[in-house]
Amino acid sequence: MELQSVSTRGRTLDHAARVYDLLEPLLLLGKQAEYDLHLLSLLNVSASDRVLDLGCGTGVLTRMIADRLNPAEGGESVGIDAAARMVAVARKKRASENCRFEVMAAEALGFADATFDAVVSSLFFHHVPLDLKESALTEAFRVLKPGGRLVIADMHIPTTRMGALVSHVSRWFFMQPQIGENIRGVLPRVIEAAGFAPPSIVAVYFGYIALFNTRKPNA
Ligand SMILES: C[S@@+](CC[C@H](N)C(=O)[O-])C[C@H]1O[C@@H](n2cnc3c(N)ncnc32)[C@H](O)[C@@H]1O
């Protein structure tokens, strides 16, 4: 049965699914793998962790996480994306015992409370308007266990001239007003408003992208 995309006001990438893995390295000058590795070092997964990747696209990060988990100990990496074609590509590249992909909107997660040890996301939050950023983070908080980690890579206030230039060009190129919200620095405020501890923030990729690292407080 053909997968169906879910309805969302986020900017989904069904139309780009086939070429995404070719385009992304060009747009990010091959830097994505570098900051995905940085994100993974902050995440520091244990073999038995259950990890959720929001807006997983073709599942590059979801698979990198799965490689660090042990299914025999319950380790599982789950990627969700609202775009059915992205999920179809991700599943084709790899779906295994401890690595699965679902069509789902980040603002309406179909998982029980306290299911995951960690939630991650790379370049998803600039695809959704402010109220969906808020709902997605409230949902991330709900599905995390107490003490669970949240690590996000996304556009933030540029810290270098080059970063400012790249963010203005990408706002124009992608015609996404939500990028403007990100570069005005809304994410840390929205992360805290969802109940998380204040995130630590590390600038990467010419100060154009930041890694936000925080936890759900212990109950
Ligand atoms: C720039 S891509 C990032 C993909 C992947 N995380 C990566 O780093 O390559 C953003 C993804 O968010 C997805 N998306 C947009 N709105 C969404 C929503 N409300 N819920 C879940 N995914 C969404 C898009 O379909 C797209 O695949």
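In this text, all values refer to a predicted model and were calculated from it rather than measured experimentally.

Chemist: How do you make sense of the confidence of the model for the chain when you look at a structure like this?
Modeler: Caution applies to low-pLDDT regions: their predicted coordinates should not be interpreted in detail. Per-residue confidence for the chain averages 89 on the pLDDT scale, and 92% of its residues sit at or above 70. Scored as a whole, the predicted complex attains pTM 0.92, and scored at its interfaces, ipTM 0.99.

Chemist: Just checking my understanding: could you explain helix H2 (residues 32-43) for this structure?
Modeler: Counting along an α-helix, one turn takes 3.6 residues, and residues three or four places apart therefore face a common direction. End to end, H2 covers 16 Å across twelve residues, agreeing with the expected 16 Å (1.5 Å per residue, within 8%). Count one or two residues on from H2 and you reach Asn-44, which has phi positive near 50°.

Chemist: Help me out: how do you make sense of the state of the cysteines in this one?
Modeler: Such a bond, covalent and formed between the sulfur atoms of two cysteines, is termed a disulfide. Counted by the stated rule, this structure contains zero disulfides. Here Cys-56 is not cross-linked by a disulfide; its sulfur's nearest cysteine counterpart is in Cys-99, at 9.0 Å.

Chemist: Could you clarify how one ought to interpret the side chain of Asp-81 in this entry?
Modeler: With respect to the helices and strands, Asp-81 occurs in strand S2 (residues 76-81). No salt bridge forms around the buried Asp-81; measuring N to O, its nearest opposite-charge neighbour Arg-11 is 11 Å away. In terms of polar contacts, Asp-81 uses its side chain to reach the backbone amide nitrogen of Ala-83, at 2.9 Å.

Chemist: Where do I start with the environment of Met-162 in this structure?
Modeler: Examined against the element boundaries, Met-162 turns out to sit in helix H6 (residues 161-174). It is 26 Å that separates the C-alpha atoms of Met-162 and Val-120, two residues lying 42 residues apart in sequence.

Chemist: Explain the nonpolar core here, please?
Modeler: The tendency in soluble globular proteins is for nonpolar side chains to be buried side by side. Core analysis: the largest hydrophobic core is formed by 29 residues, its most contacted members being Leu-52, Leu-54, Ile-80, Phe-111 and Leu-137. Take this core: its biggest share by element is five residues, from helix H5 (residues 130-143). Residues in contact with Phe-111, not counting those within four places in the same chain, are Leu-52, Val-78, Ile-80, Arg-100, Met-104, Phe-116, Arg-142 and Val-143. With 24 residues, the next largest nonpolar core counts Ile-65, Met-155, Ile-179 and Ile-183 among its residues.

Chemist: Please clarify how the packing of aromatic side chains should be interpreted in this entry.
Modeler: Each aromatic ring pair is specified by the distance between its two centres and by the angle formed by the two planes. In the structure shown here, the tally under the stated rule is three aromatic pairs. The interplanar angle of 85° and the centroid separation of 5.2 Å between the aromatic rings of Phe-141 and Phe-196 together place this pair among those described as edge-to-face. Here the residue Phe-141 occupies a position in helix H5, and Phe-196 occupies one in the loop between helix H8 (187-193) and strand S6 (200-204), the gap between them amounting to 55 residues. For Phe-141, a relative accessible area of 22% translates into the label partly exposed.

Chemist: Hey, could you run me through the UniProt feature "domain: Methyltransferase" (unreviewed entry) in the chain in this one?
Modeler: With numbering aligned to this structure, UniProt lists the feature "domain: Methyltransferase" (unreviewed entry) at residues 51-148. For residues 51-148, the end-to-end C-alpha separation is 10 Å, with 32% helix and 28% strand making up the annotated structure.

Quick notes on the rules
- Residues numbered from 1 in each chain as written.
- Predicted model: local features only at pLDDT ≥ 70, side-chain atom pairs only at ≥ 80, totals over all residues.
- Heavy atoms only, no water.
- pLDDT = per-residue confidence, 0-100.
- Helix = DSSP H or I, 4+ residues; strand = E, 2+ residues; numbered from the N terminus.
- Expected span 1.5 Å × (residues − 1).
- Disulfide = S-S within 2.5 Å.
- Buried < 20%, exposed > 50% of the residue type's maximum accessible area, 1.4 Å probe, protein only.
- Lys, Arg positive; Asp, Glu negative; His and termini not counted.
- Salt bridge = Lys/Arg side-chain N within 4 Å of Asp/Glu carboxyl O.
- Polar contact = N/O pair within 3.5 Å; in protein donor to acceptor, adjacent residues only side chain to side chain.
- Core = buried A, V, L, I, M, F, W, Y, C linked by side-chain atoms within 4.5 Å.
- Contact = heavy atoms within 4.5 Å.
- Phe/Tyr/Trp six-rings, centres within 6.5 Å; stacked < 30°, edge-to-face > 60°.
- UniProt positions renumbered as here; feature names shortened; annotations may be inferred.

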